[in-house]
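Chain by chain, the residues:
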Amino acid sequence: MRLSDLNVRAALTLPFRNLLELLDIWTFARWDGRAEAQGWAVVKSQPLVHVYRHAAFGSLVACGGCAGEGVTRRGACHTCLGSGRQRP
């Protein structure tokens, strides 16, 4: 691969990346704004992939009654109500 090939490839992919970024911003603007207004963190891992997370989820730990499974031999865990998580 020659240096001139790299320059051509970069010149061709740059407009596509810019268009993809604009599409990403336009598509998720409403959802990102709403999530941030409600205190959620927005992580953009890839183009057109947004992950929304509330800080309260970081404070949950695995339930001791069901070891984070949400179920016991008797059915749904009564300690965590079947979620597998509880507050410390």
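Residues numbered from 1 in each chain as written. Predicted model: local features only at pLDDT ≥ 70, side-chain atom pairs only at ≥ 80, totals over all residues. Heavy atoms only, no water.

Student: Explanation requested: the overall build of the protein chain in the structure shown.
Tutor: Within the protein chain, the regular secondary structure consists of one helix and six strands. Counting from the amino terminus, helix and strand elements in the protein chain follow one another as α-β-β-β-β-β-β. Each of the 88 residues in the protein chain was classed as buried or not, and the buried ones make up 12%. Contacts in the protein chain between residues far apart in sequence, at least 24 positions, make up 24% of those at least 6 positions apart. (Helix = DSSP H or I, 4+ residues; strand = E, 2+ residues; numbered from the N terminus. Buried < 20%, exposed > 50% of the residue type's maximum accessible area, 1.4 Å probe, protein only. Contact = heavy atoms within 4.5 Å.)

Student: What am I meant to see in the packing of aromatic side chains here?
Tutor: Between two aromatic rings, the relevant description is the distance of the centres plus the angle of the planes. In total, this model carries one aromatic pair according to the counting rule given. Residues Trp 40 and Phe 57 carry aromatic rings whose centres are separated by 6.0 Å and whose planes lie at 65 degrees to one another, so their mutual orientation is edge-to-face. Of the two residues, Trp 40 is situated in strand S1 (residues 40-46) and Phe 57 in the loop between strand S2 (49-54) and strand S3 (61-62); the sequence distance between them amounts to 17 residues. (Phe/Tyr/Trp six-rings, centres within 6.5 Å; stacked < 30°, edge-to-face > 60°.)

Student: Is there a simple way to explain the pairing of S1 in this structure?
Tutor: Remember that side chains alternate between the two faces of the sheet whenever the strand is regular. Taken together, the six bridges between S1 and S2 define a ladder with antiparallel strand orientation. Along S2, the bridge assignment pairs Ala 41 with Arg 53. (Pairing = 2+ DSSP bridges.)

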